[in-house]
Amino acid sequence: MVRVRFAPSPTGSLHIGGARTALFNWLHAKSQGGHFILRIEDTDRERSTPESEADILEGLSWLGITWDEFYRQSDRIGIYREYLKKLIDDDKAYYCFCSKEDLEAERQALVAQGFPPKYSGRCRALSKEEVVKRLNENKEHVIRFKVPEREVVFKDLIRGQVKFDASLSGDVIIAKNLDQPLYNFAVTVDDFLMGITHVIRGEEHLSNTPKQILLAEAMGMNAPQFAHLPLILNTDRSKMSKRMSDVALHDYRNKGYLPQAIVNFISFLGWHPREDKDMMSLDQITSEFELNRVQKGGAIFNVDKLDWLNAHYINSLTPEELAGMAKPFMPEGYELTIAMAASVKGRIKTLAEIQGIVDLFFKLPAYDTELLKWKDMPLSQVTSNLESALTVLNKIGESDYNQANLEKVLSPLAPEGNRGELFWPLRVALSGSKASPGPFEIMEVLGKQESLSRIEKAITKAR
RNA sequence: GGUCCCGUCGUCUAACGGCUAGGACGUCGCCCUUUCACGGCGGCAAUACGGGUUCGAUUCCCGUCGGGACUACCA
């Protein structure tokens, strides 16, 4: 069975790139009836926070990404300790007592001579007795893996065959001490123990792969298959970053993007269905997802397209659904009614935009009298047109104040071929603005009393 | 600098070695229309470059150029 994992470190909010990695893992698993494992990689005690972990869990759930198993690396320190000891006992890893300062000097010297910086392996030569002695003296140390000096070749499911010369990397540090394992090591142990079949992650991890393969080999473990996803990019084609755009998933949630839109959008960053489509639900994507259709090149995060998708998803909501979802975006004390939601639905790209539009339902914005004029009609005509509308509107009962009915009774009053002479002043009278929903929609929302009072106000202004 | 990865319209992308290089976003124009928005129709716009291989390269190979990632006692 396919078993994948998403392994974020809780050192910040869930990043858009992380969300996409999680999604692709989930899609790969679910499209084949496999399991998705969520593993919190919090081995870095200083940088990991519970808030970050909460943000990650919340973000995934919001997108509809569910997990079948959950682990936290900080709960597994004992496990790593055993494997670390074994590696040392097998002489495949060793204690290193070099100071950071010495290492840095060594490194500088190599770089200055034009050599790639790489640990000399000095502490490999320490005798067992010497190591024990220094350990007993509580000397500062780390644990290094004896990296075999050879070429590592692996087949990446997206990129094909990839080769690295491991002899260039030197002996990597795999733990600060027996109780503080580091990334490459902990990942290797967990991927094996958790029966991970496919490691699907961002391209930034490509160069970690040979280390993990060698480590797995040293511990007698089978390595999983690897697939490295193309990066999500800033507009200048560098890796998407805070500096240039919002990167946290919750930023998009807070701005009023729908999870359907985000899922649809990020799925298409590096992946595309066989049959050309641009709007797909999570279920549809799941049934059509194929890892081997994933793109190799990075993809720029194009907000315009996201906006377009989001507008579509908002528009396809029922007014009831929209009214519910938009609640958190309304100004304090204002309630979004179903009628308002209906009139606003097709006009917004994000839920946050609802504020600006819905405003006119609660209070008439101040407007310039000239705005009431349609093209070059005189103000006197504005008044007379509004007055005749007023007479008709007065006769309609409160309960008949709905769009269809209003349009039916008002339409005959509008001059054929120049309907704007009635509808434009009417709409401005009701909305006080240049761009707004139509007059009938507004009247339905406002109700009889408020509608009439706004029209009367306009007549007074124009007189 | 070193290692690795990548390269189709501005952007996301499609095209088992066989089209006039297709779609979508954006943009521009037109239509609808009481403005805006929505919607409909249409236009502009790409295989980085140079060599091979082949009857035939966007596709395969090599080189050049360009971009990116990594280069921590972070993940």
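To keep things clear, this report deals only with the structure shown in the data block. Values in this document were obtained by computation on a predicted structure and should not be read as measured data.

What to know about a nonpolar patch on the surface
Together, Ile-79, Phe-192 and Leu-193 make up a nonpolar patch on the protein surface, roughly 220 Å² of accessible area in all. When you line up the elements, Leu-193 lands in helix 6 (residues 183–193).

Observations concerning the nonpolar core
Side chains of nonpolar character tend, in soluble globular proteins, to be buried together. Counting residues in each nonpolar core, the largest one holds 97 residues, and the members touching the most others are Ile-262, Phe-301, Leu-336, Phe-361, Leu-393 and Met-443. Of all the elements, helix 18 (residues 439–462) adds the most residues to this core, at 10 residues. If sequence neighbours within four positions are ignored, Leu-393 has contacts with Tyr-401, Leu-406, Leu-410, Met-443, Lys-448, Leu-452 and Ile-455. Ile-143, Ala-175, Phe-185 and Val-199 belong to the second largest nonpolar core, which has 35 residues in total.

Some details on the pairing of strand 3 (residues 69–72)
As paired elements, strand 2 (residues 35–40) and strand 3 share 4 bridges and run parallel to each other. Bridging across to strand 3, Ile-37 finds its partner in Glu-69. With helix 2 (residues 50–63) bridging strand 2 and the parallel strand 3, this β-α-β connection has right-handed handedness.

Quick notes on the environment of Leu-322
With respect to the helices, strands and loops of the structure, Leu-322 is situated in helix 12 (residues 319–325). Between the C-alpha atom of Leu-322 and that of Val-344, which follows or precedes it by 22 residues, the distance is 9.4 Å.

Examining the packing of helix 17 (residues 420–431) against helix 18
Direction vectors running N to C along helix 17 and helix 18 enclose 90°, while the axes themselves pass 8 Å from each other. With respect to helix 18, the element helix 17 is oriented roughly perpendicular. Residues Phe-423, Leu-426, Arg-427, Ala-429, Leu-430 and Ser-431 of helix 17 touch helix 18, and the partners they reach there are Pro-439, Phe-440, Ile-442, Met-443, Leu-446, Ser-451, Arg-454, Ile-455 and Ala-458. Taken together, the residues of the contact of helix 17 with helix 18 break down into 11 nonpolar, 2 polar and 2 charged.

Observations regarding the packing of helix 15 (residues 379–395) against helix 18
Orientation of helix 15 relative to helix 18, taken along the N-to-C sense of each, is 145°, at an axis distance of 10 Å. Considering the relative orientation of helix 15 and helix 18, their crossing is left-handed. Mapping the contact onto sequence places Leu-379, Val-382, Thr-383, Leu-386, Glu-387, Leu-390, Leu-393 and Asn-394 in helix 15 and Met-443, Lys-448, Leu-452, Ile-455, Glu-456, Ala-458, Ile-459 and Ala-462 in helix 18.

Focus: helix 18
For helix 18, with 24 residues, the first-to-last C-alpha span of 18 Å runs short of the 34 Å given by 1.5 Å per residue. Maximal helix bending in helix 18 amounts to about 120°, located at Gly-447.

Digging into the protein's contact with RNA strand B
In the vicinity of RNA strand B lie 58 residues, with Arg-47, Arg-159, Gly-270, Arg-347 and Lys-434 positioned nearest. Each atom of RNA strand B within 4 Å of the protein was assigned to sugar, phosphate or base; sugar and phosphate come to 73%. Between RNA strand B and the protein, one listed contact pairs a sugar or linking oxygen with a side-chain N or O atom of Glu-41 at 3.0 Å. Within the side chain of Thr-43, a nitrogen or oxygen atom sits 2.6 Å from a phosphate oxygen of RNA strand B. Broken down by secondary-structure element, the contributors of at least two residues to the surface near RNA strand B are helix 4 (100–112), strand 7 (160–165), strand 8 (173–177), strand 13 (299–300), helix 11 (303–315) and helix 17.

Describing the packing of aromatic side chains
Where two aromatic rings form a pair, the distance of their centres and the angle of their planes describe that pair. In total, this model carries 11 aromatic pairs according to the counting rule given. With a centroid separation of 5.7 Å and an interplanar angle of 55°, the aromatic rings of Tyr-252 and Tyr-257 are classed as tilted. The pair formed by Tyr-252 and Tyr-257 is uniform in burial state, with each residue classed as buried. Taken together, a centroid distance of 4.1 Å and an interplanar angle of 25° make the contact between Tyr-334 and Phe-362 stacked.

Points about the pattern of salt bridges
Two side chains carrying opposite charge are able to pair once their charged atoms lie near each other. Inspection of every chain in the model, using the stated rule, returns 30 salt bridges. One salt bridge connects Asp-191 with Arg-39, and the closest N-O pair in it is separated by 3.0 Å. With Asp-191 in helix 6 and Arg-39 in strand 2, this pair connects stretches of sequence that are 152 residues apart. Each of the two residues, Asp-191 as well as Arg-39, counts as buried. Linking Glu-137 and Lys-139 is a salt bridge whose minimum nitrogen-to-oxygen distance equals 3.0 Å. Put simply, Arg-5, Arg-39, Glu-41, Arg-76, Asp-190 and Asp-191 are held in one network by salt bridges that share partners.

Definitions and limits used
The numbering scheme is per chain: residues are counted from 1 as the chain's sequence reads. Just so you know, chain letters begin at A and ligand numbers begin at 1, following the order they were written in. Two thresholds apply to this predicted model, a pLDDT of at least 70 for residue-level local features and 80 or more for giving and counting side-chain atom pairs, whereas whole-chain, interface and lining totals are computed over all residues. Computation of side-chain values: all heavy atoms of the structure, hydrogens and water removed. Without a salt bridge and with relative accessible area above 30%, a residue can belong to a patch; like charges are then joined within 9 Å and nonpolar side chains (Val, Leu, Ile, Met, Phe, Trp, Tyr) within 5 Å. Surface accessibility in these figures is a Shrake-Rupley result with a 1.4 Å probe; residues are shielded only by whichever protein chains are displayed. A carboxyl oxygen of Asp or Glu within 4 Å of a side-chain nitrogen of Lys or Arg is what we treat as a salt bridge. By the criteria applied, helices consist of DSSP H or I runs no shorter than four residues and strands consist of E runs no shorter than two, each listed in order from the N terminus. To qualify as a nonpolar core, a set must consist of buried Ala, Val, Leu, Ile, Met, Phe, Trp, Tyr and Cys residues joined through side-chain atoms within 4.5 Å. Burial classes: relative accessible area under 20% of the type maximum marks a residue as buried, over 50% as exposed, and values in between as partly exposed (1.4 Å probe, protein chains only). Two residues form a contact once any of their heavy atoms are found within 4.5 Å. Strands qualify as paired when DSSP identifies two bridges or more between them. With the strands aimed away from the viewer, a crossover counts as right-handed if its path from the first strand over the helix to the second runs clockwise. Axes here mean lines fitted to C-alpha atoms, for a helix over just the part in contact, with angles spanning 0 to 180 degrees between N-to-C directions. Here the word oblique covers every angle except those under 35 degrees (roughly parallel), over 145 (roughly antiparallel) and from 65 to 115 (roughly perpendicular). Here the term charged refers only to Asp, Glu, Lys and Arg, the term nonpolar to Ala, Val, Leu, Ile, Met, Phe, Trp, Tyr, Cys and Pro, and the term polar to all other amino acids, Gly among them. Should the near helix be turned anticlockwise from the far one by less than a right angle, the crossing is left-handed, and should it be turned clockwise, the crossing is right-handed. The span you would expect from a helix comes to 1.5 Å times its residue count less one. Here the bend at each residue means the angle between axes fitted to two seven-residue stretches, the one ending at that residue and the one beginning there. Neighbouring residues are identified by heavy atoms, a residue being near a molecule or strand if any of them is within 4 Å of it. N or O atoms within 3.5 Å of each other form a polar contact, as long as, within protein, one can give a hydrogen and the other can take it, and as long as residues adjacent in sequence are counted only when both atoms are side-chain atoms. Between 30 and 60 degrees the pair is tilted, below 30 it is stacked and above 60 it is edge-to-face, where a pair is any two Phe, Tyr or Trp rings, Trp via its six-membered ring, whose centres lie within 6.5 Å.

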